[in-house]
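Geometric and topological summary
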Amino acid sequence: PPGAPPPRGDTQPPGSSRGAHGSLGGAKPDVAAPGTGIASVASGRLVGASIKSGTSMATPHVAGIAALVKQAHPGWAPAEVKASVMNTATHDVFTGPSGTGTAYGPERVGSGRVDAVDAATNTTLAYASQDSDQVSVAFGVVPVGADPVTVRKTGTVQNTGARPQTYSPGVALSRPAGGA
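Thresholds applied
- Residues numbered from 1 in each chain as written.
- Predicted model: local features only at pLDDT ≥ 70, side-chain atom pairs only at ≥ 80, totals over all residues.
- Heavy atoms only, no water.
- Core = buried A, V, L, I, M, F, W, Y, C linked by side-chain atoms within 4.5 Å.
- Buried < 20%, exposed > 50% of the residue type's maximum accessible area, 1.4 Å probe, protein only.
- Helix = DSSP H or I, 4+ residues; strand = E, 2+ residues; numbered from the N terminus.
- Contact = heavy atoms within 4.5 Å.
- pLDDT = per-residue confidence, 0-100.
- Salt bridge = Lys/Arg side-chain N within 4 Å of Asp/Glu carboxyl O.
- Expected span 1.5 Å × (residues − 1).
- Arc of directions from axis to C-beta.

Re the nonpolar core
- Of all hydrophobic cores here, the largest spans 14 residues; its most connected members are Ile 65, Val 69, Val 85 and Val 114.
- Looking at this core, the elements that each hand over two or more residues are α1 (55-72), α2 (78-87) and β3 (124-128).
- Broken down by element, the residue count for this core peaks at four residues, all from α2.
- Setting aside residues up to four positions removed in sequence, Val 69 forms contacts with Trp 76, Val 81, Ser 84, Val 85, Ala 119 and Ala 120.

Laid out in C-alpha cells, this is it:
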C-alpha cells in the first residue's frame, strides 16, 4: 500500500520485547509474528487501511493462527493449540533483511516466526512434561557458582495423527545471550 515501509520480512525491530521472564526464569517470548508496517482495517473509518507496527499488529496474527489450529483440530485443548503454534514456528528471524546477518536466538524470538499452514496441519506436539501449558522446557533461574550445577527437564512428544512417526532428538545451538 502507498506509504508502507519497505519490506522487512523475517527481521525484528530494535524495540521488540525480549528475554527471560524476570526472576521466574520462564522462556519469553513464545514466538515471533509479523508486526511491522502491517496494513489493517482502519478503526473508526468506513473505508481504507491504517498502517501500524508493534504488538498490536503481531498479536492478531498469532490469534488468527490459533483460531485456524482450533478449527483444524476442534478437540484440542488450549495448551495443545499453543504447542502446535510454537512447535511449528521454526522460521528464523535475522538481524538483516532477506535472511542476512545473524539469526536471533530464543530470548528474542521464542521458537521462531509463526507459520499458519504448518501450525494448522501439524499432528505432532512437543511440550514440557512438567508444565505442558508452558510448552517450552524452561530451567528457571539457575544459581551458577564454583560448583557444577546439573538441572534435568523432560519433554513429551505426542503423535496425534493416524500414521506412526519417527523422531530423532537433537539440539540446535543459537547465538549466545550475554556472553553465555
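Anyway, onward from the coordinates.
Points about the confidence of the model for the chain
- In this model, the chain carries an average pLDDT of 83, and 80% of its residues clear a pLDDT of 70 or more.
- Model confidence for the chain, summarised as mean pLDDT per element, is weakest for strand β1 (residues 38-41) at 79 and strongest for helix α4 (residues 116-121) at 98.

Some thoughts on the pattern of salt bridges
- On inspection of all chains with the given rule, the structure shows two salt bridges.
- A salt bridge links Lys 28 to Asp 30; the nearest nitrogen and oxygen atoms lie 3.2 Å apart.
- Close ionic contact of Lys 82 with Asp 30 constitutes a salt bridge, the shortest N to O distance being 3.7 Å. Taken together, the residues Lys 82 in helix α2 and Asp 30 in the segment before β1 connect sequence positions 52 residues apart.
- Taken together, the shared-partner salt bridges connect Lys 28, Asp 30 and Lys 82 into one network.

Some details on α2
- Those residues of α2 lying buried are Val 81, Ala 83, Ser 84, Val 85 and Met 86.
- In this fold, the buried residues of α2 make contact with α1, α4 and β3.

A word on unusual backbone geometry
- For Ser 98, which is not glycine, the phi dihedral falls at a positive 55 degrees.
- Relative to the helices and strands, Ser 98 resides in the loop between α2 and α3 (106-109).
- Positive phi outside glycine occurs at Val 135, with the angle close to 70 degrees.
- Look at Val 135 and you get buried, because its relative accessible area is 6%.

Focus: α1
- For α1, with 18 residues, the first-to-last C-alpha span of 26 Å sits near the 26 Å given by 1.5 Å per residue.
- For α1, the complete set of buried residues consists of Met 57, Ala 58, Ile 65 and Val 69. For α1, the angular spread of buried residues about the axis comes to 120 degrees, placing them on one side. Projecting away from the buried face of α1 at angles above 90 degrees are the exposed residues Thr 55, Ser 56 and Gln 71.
- Considering only its buried residues, α1 is in contact with β1, β2 (49-52), α2 and α4.

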